[in-house]
Amino acid sequence: MNGRFGTSNTESPCIYLATSDQQGFDLADRLELQVRELSDAPKDWYLTCKNGKLTLDHPTEPSFQLSEQVIRSRIEDAFRSDLAQACGYYPGKTVLDCYGGWGIDGLILAAAGCNVSMTEIHPVLCVFARDLAYQFNLKMNVICDDVKQFLHASDDRFDTIYLDPMFPTHPTTAKPQRRMQILEQIAVPTQDLDTIFDLALRRANDRVVIKNRKNQRLLDQQADWKIKRRSVRFDVYLALNRPGFQE
């Protein structure tokens, strides 16, 4: 095996590259990824590099890269976004994005001036989030951990805690965007949302925000106010209105 390829097994994801892919090795160094030979790639989604860009590849599915153009347009519109409004953004506001996924929502909040941390249990998604933060020159603390464990173990408090759990399968036949289809395949399903919501209230100085489908209700708790749009709804729960959760 070429000496540039790692051989140890760790929980961190690997990136699979051809030995001649210098751009890929530069990307691996920047993201601190172990490198394996492309010929050893698994029979499932795996990280690689194509044309210098972080890529998810699959033996039977088309390759996938996040659209920089789509993400850039959302970041440029950060101050007017429903997400920023729901989270009550202001410069320096601390926000925890509990189900970070690809990291897009966290970067929107960072672009709006917030100090953002995000938790995401799937290490491949954490890699994409860190890469996006680098590409768009935005600061975001990416924590690769289960949100429930993190909230239990950490004493940190945040002004806003944002929950965007994985939606149940939509009953319609319309397919979501491809990045959401892939996210559904690789993300860990949301469990015990009620407990996580209670933990979030204990760690929030200002509010907890939950993203739902427009006509879906994930919790029995009554929100203080809502932002409704065509397909989604942001439910806002003010921590100050729930003094029993303040520690």
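Residues numbered from 1 in each chain as written. Predicted model: local features only at pLDDT ≥ 70, side-chain atom pairs only at ≥ 80, totals over all residues. Heavy atoms only, no water.

(A) Representation of the overall build of the protein chain. Each helix and strand counted, the protein chain has eight helices and eleven strands in total. In the protein chain, which comprises 247 residues, the proportion classed as buried is 50%. Expressed as a percentage of contacts within the protein chain between residues at least 6 apart in sequence, the contacts between residues at least 24 apart total 61%. Carbon and sulfur atoms make up 46% of the accessible area of the protein chain, which amounts to about 12800 Å² in all. (Helix = DSSP H or I, 4+ residues; strand = E, 2+ residues; numbered from the N terminus. Buried < 20%, exposed > 50% of the residue type's maximum accessible area, 1.4 Å probe, protein only. Contact = heavy atoms within 4.5 Å. Areas by Shrake-Rupley, 256 points an atom, 1.4 Å probe, with all protein chains shown as cover.)

(B) Broad picture of the packing of helix H1 (residues 22-31) against helix H5 (residues 123-135). Across the interface, H1 lies against H5 with an axial gap of 11 Å and an inter-helix angle of 100 degrees. Viewed along their axes, H1 and H5 adopt a mutual orientation that is roughly perpendicular. Taken together, the residues of H5 that come into contact with H1 (itself represented by Leu27, Arg30 and Leu31) are Val127, Arg130, Asp131 and Tyr134. In terms of residue class, the contact of H1 with H5 is made up of four nonpolar, no polar and three charged. (Axes fitted to C-alpha atoms, helices over the stretch in contact; angles between N-to-C directions. Parallel < 35°, antiparallel > 145°, perpendicular 65-115°, else oblique. Nonpolar A, V, L, I, M, F, W, Y, C, P; charged D, E, K, R; others polar.)

(C) Spatial organisation of the pattern of salt bridges. Considering all chains together, one arrives at ten salt bridges under this definition. Each of Lys93, Asp206 and Arg207 takes part in salt bridges that share partners, so that together they form one network. (Salt bridge = Lys/Arg side-chain N within 4 Å of Asp/Glu carboxyl O.)

(D) Fine view of the packing of aromatic side chains. Under the definition given, this model contains five aromatic pairs. Seen in terms of ring centroids, Phe197 and Tyr237 are 4.8 Å apart; in terms of plane orientation they differ by 70 degrees. Their pairing is edge-to-face. Within this pair, whereas Phe197 is found in helix H8 (residues 193-203), its partner Tyr237 is found in strand S11 (residues 232-238), the two being separated by 40 residues in sequence. Ring pairs connect the aromatic residues Phe64, Trp102 and Phe128, which therefore count as one cluster. One residue, Arg30, lies across the ring of Tyr134, its end atom 3.8 Å from the ring centre. (Phe/Tyr/Trp six-rings, centres within 6.5 Å; stacked < 30°, edge-to-face > 60°. Lys NZ or Arg CZ within 6 Å of the ring centre and 35° of its normal.)

(E) A look at the packing of helix H2 (residues 68-76) against helix H4 (residues 104-111). In the contact formed by H2 and H4, the axes pass within 8 Å of each other and the chain directions differ by 35 degrees. In this structure, H2 crosses over H4, and the sense of that crossing is right-handed. Between H2, through Ile71, Arg74 and Ile75, and H4, the contact on the second element is made entirely by Ile104, Asp105, Leu107, Ile108 and Ala111. Among the residues forming the contact of H2 with H4, the class breakdown is six nonpolar, no polar and two charged. (Left-handed = near helix turned anticlockwise from the far one by under 90°.)

(F) Inspection of the pairing of strand S6 (residues 115-119) at higher detail. When you tally the buried positions in S6, you get four out of five residues, the bulk of the element. In this sheet, S6 lies alongside strand S5 (residues 94-97) in parallel orientation, the contact comprising four bridges. Residue pairing in the sheet places Thr94 in a bridge with Asn115 of S6. In this region the chain leaves S5, passes through H4 and returns to the parallel neighbour S6; the handedness of that crossover is right-handed. (Pairing = 2+ DSSP bridges. Right-handed = clockwise from strand over helix to strand, strands pointing away.)

(G) Spatial organisation of unusual backbone geometry. Phi at Glu32 takes a positive value of approximately 55 degrees, unusual for a residue other than glycine. Even without glycine at this site, Asn137 takes up a positive phi of about 55 degrees. Along the chain, Asn137 falls in the loop between H5 and strand S7 (140-143).

(H) Summary view of the confidence of the model for the protein chain. For the protein chain, the average pLDDT comes to 87, and 88% of its residues sit at 70 or higher. Across the protein chain, the element-wise mean pLDDT spans from 83 in helix H7 (residues 178-186) up to 98 in S5. Note that pLDDT drops below 50 for residues 1-10; the model gives that stretch 26 contacts with residues more than four away or on any other chain. (pLDDT = per-residue confidence, 0-100.)

(I) The arrangement of the nonpolar core in detail. With 55 residues, the main nonpolar core has Ile15, Leu47, Leu56 and Trp102 as its most contacted residues. Broken down by element, the residue count for this core peaks at eight residues, all from H5. Ignoring any residue separated from it by four or fewer positions in sequence, one finds Leu47 in contact with Pro13, Cys14, Ile15, Tyr16, Leu33, Leu54, Thr55, Leu56, Val124, Val127 and Phe128. The next biggest cluster of nonpolar side chains, apart from the first, holds 23 residues, and it includes Leu193, Phe197, Val208 and Leu219. (Core = buried A, V, L, I, M, F, W, Y, C linked by side-chain atoms within 4.5 Å.)

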